[in-house]
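In case you want the letters, here they are:
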Amino acid sequence: MKSDNNFIYLNGLYWENKVEEIEEQIIKNKLVLKEVTKRKVGTTGPTHRIIEGDNLGGLYLLEQAGEQFDLIYIDPPYNTGNKDFKYTDAYFNTEDESRHSTWSSFIYKRLVKAKNLLNENGVIFLAIDDAEQARLKLICDGIFGEQNFVANFIRKNKAGSGHDSKQVAVEFDYMLCYANNIEKLVFTQEEVDVENDSKYKFEDNFVKKRGKYYLRDLDYKGSYSKTLDYVITAPDGTKMMSGGKVGKPNTWRWGKEKFEWGIKNDFIVFKETPKGWKVYIKQYQFVDNKDQVRVRKLPHRALIDFNNSKGSNELKDILKQDIFSYPKPTDLLQFVVDLLPRKDIKVLDFFAGSGTTLHATMLQNKLDEGIRTCTLITNNENKICEEVTYARNKAAIEGYETRRNKKVLGLKNNQLKYYKIQVKK
Ligand SMILES: C[S@@+](CC[C@H](N)C(=O)[O-])C[C@H]1O[C@@H](n2cnc3c(N)ncnc32)[C@H](O)[C@@H]1O
């Protein structure tokens, strides 16, 4: 079965194709990007862009120009029925039977183009909540491939709310994440605070360099390897075997040579227990298992906590009025941008709204001396693009005063260009 003008078919899913006016303009090659030069901001540093218009057209024009991005973040309308999803000038409410297939058609077309814009080692993040999470996951599996699914981040977005909820208070939304090619995606890791970790409770003569330590059983049931299965002699001459015998399933964590290095360098502890001898590795705070100083790092968790109220306050502090609902907080986007180790990545957000992604990119650049660039696409419904997206990021570059008259210095070393998607006559 194939997609046609009436239906879209994707990996066993089948839904109505809602043809959009913008698709006709794309087919007829009628769209162009026009810079509004008077809106240029800044003279030095990385050049960012705001593109005003329908994002399907914007994505098409970026594709035509052969552009590629390392990181795409989108926060599309969640389709909650609360006037957040407008389609050909009509809002979709919860009684509308076709609202899910219409939303699916809308998002599918944009994601197909987004995939073409991703670098080979690129990644896409998609904010969503329960209204469309399940459908979006299936659509993304179809477009990006199930094997490229990285995680469904679960974000605690508010606290202390939901007292009026009927059954349970939901204080979370989601962020789906897909790699363009999972084999090529590398994320940064989180530094672990070993200094204040109470599991490191023992001390020896090496405490100054190595820090405190905890004990890890050398006996281990992992994937079996003969080279890890040998006899160890306890201090009183008792012969010790992993798991009590030579052979599957247990082994020692370290091979014989490494174990002898551990004895010589005081990384091994024997203990006599009522059940016999046990042998342990000392896991130190500040050195690795080769006695090299290390910063302990672990993969980031998929459970994250970035509060929506912070996003609203940030925007109100810049614009002095409450004209955009639910902007994401900049710390969420800084977390996202910082997941890629390179500091010169190209970022794209094609449901930019208030433009948090650009603001956060500039803040992160300032923090780690990066030169990332960010492209935003968003429509100008209710003049959002001009009066919120642009006004906010112009103020972020030039500096502003908060509602409490606190001066915030501009992120001066940035340039911003403003474009409109126009229809050729
Ligand atoms: C949920 S908001 C994004 C909020 C944003 N993450 C922030 O922090 O401010 C989605 C935005 O996408 C815009 N939008 C919806 N459909 C669009 C389309 N087809 N093309 C361009 N922008 C669109 C909406 O007007 C809205 O401003």
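No experiment lies behind these values; they were computed from the predicted model shown. (Residues numbered from 1 in each chain as written. Predicted model: local features only at pLDDT ≥ 70, side-chain atom pairs only at ≥ 80, totals over all residues.)

## Here's the deal with the overall build of the protein
What counts here: The numbering of helices and of strands both runs from the N terminus, where a helix is a DSSP run of H or I of at least 4 residues and a strand a run of E of at least 2. Comment: burial labels come from other C-beta atoms within 10 Å of the residue's own C-beta, placed from the backbone, where a count of 20 or more is buried, 12 or fewer is exposed, and between is partly exposed. With C-beta atoms placed from the backbone, a contact is any residue pair whose C-beta atoms sit within 7 Å.
Along the backbone of the protein there are 10 helices and 25 strands. Summarising its shape, the C-alpha atoms of the protein cover approximately 90 × 60 × 50 Å along the three principal directions. Here the protein, with 425 residues, has 34% of them falling under the buried criterion. Contacts in the protein between residues far apart in sequence, at least 24 positions, make up 72% of those at least 6 positions apart.

## What about the sheet that holds strand β12 (residues 213-217)?
Basically, it comes down to this: Paired strands are those between which DSSP finds at least two bridges. Axis lines are fitted to C-alpha atoms, over the contacting stretch for helices. Their N-to-C directions set the angle, which ranges from 0 to 180 degrees.
The three strands are arranged β12-β18-β17 in an open sheet whose pairing can be described as antiparallel. The sheet is open, and its two borders are formed by β12 and β17 (268-273), each paired with just one other strand. If you compare each strand with its neighbour and ignore which way they point, the axes differ by 40° on average. Pairing of β17 with strand β18 (residues 276-284) involves six bridges; the strand directions are antiparallel. Following the sheet pairing, E272 is matched in β18 by W277.

## Section: the environment of K406
Inspection of the secondary structure puts K406 in the loop between β23 (400-401) and β24 (407-408). Linking K406 and L315, residues 91 residues apart in sequence, is a C-alpha distance of 14 Å.

## What to know about the sheet that holds strand β5 (residues 69-74)
The 10 strands are arranged β3-β25-β4-β22-β21-β5-β8-β10-β9-β20 in an open sheet whose pairing can be described as mixed. Two strands in the sheet have a free side with no partner beyond their single neighbour: β3 (31-35) and β20 (303-305). Across the sheet, the axes of successive neighbouring strands diverge by a mean angle of 20°, strand direction being ignored. As paired strands, strand β8 (residues 118-128) and strand β10 (residues 172-179) are joined by six bridges and run antiparallel to one another. Across the sheet, F125 pairs through a bridge with C177, a residue of β10.

## Section: unusual backbone geometry
Geometrically, the link from K248 to P249 is a cis peptide bond, its omega value of 0° lying close to zero. Within the fold, P249 resides in the loop between β15 (239-240) and β16 (251-252). Backbone geometry at K83 places phi at a positive 55°, although glycine is not the residue there. Residue placement: K83 occurs in the loop between β5 and β6 (86-87). Unusually for a residue other than glycine, N405 sits at a positive phi of about 60°. Note on placement: N405 falls in the loop between β23 and β24.

## Quick word on the site of the ligand
The cut-off we apply is this: Using a C-beta atom placed from the backbone for every residue, we mark a residue as near a molecule or strand if that atom lies within 6 Å of it. Three categories are distinguished: nonpolar for Ala, Val, Leu, Ile, Met, Phe, Trp, Tyr, Cys and Pro, charged for Asp, Glu, Lys and Arg, and polar for the others, with Gly belonging to the last.
Contacts to the ligand come from 15 residues, most closely from D75, P327, G353, S354 and T356. Along the lines of polarity and charge, the residues of the shell around the ligand split into five nonpolar, six polar and four charged.

## Details of the domain arrangement of the protein
Interface size is often expressed as the accessible area that is lost when the parts come together. Cut-off, in case you're wondering: Where a domain begins and ends is set by an automatic assignment or by a domain database.
When its domains are assigned, the protein resolves into domain 1 (31-188 + 308-423) and domain 2 (207-299). Domain 1 and domain 2 are separated by 48 Å when their C-alpha centres are compared.

## Some words on helix α9 (residues 356-368)
For clarity, the threshold we go by: Expected helix span is taken as 1.5 Å per residue step, with the number of steps being one fewer than the number of residues.
Between its first and last C-alpha, α9 extends 18 Å over 13 residues, near the 18 Å set by a 1.5 Å rise per residue. Residues of α9 that are buried: T356, T357, L358, H359, A360, T361, M362, Q364 and N365. Following α9 by one or two positions, E369 has its phi on the positive side, about 55°.

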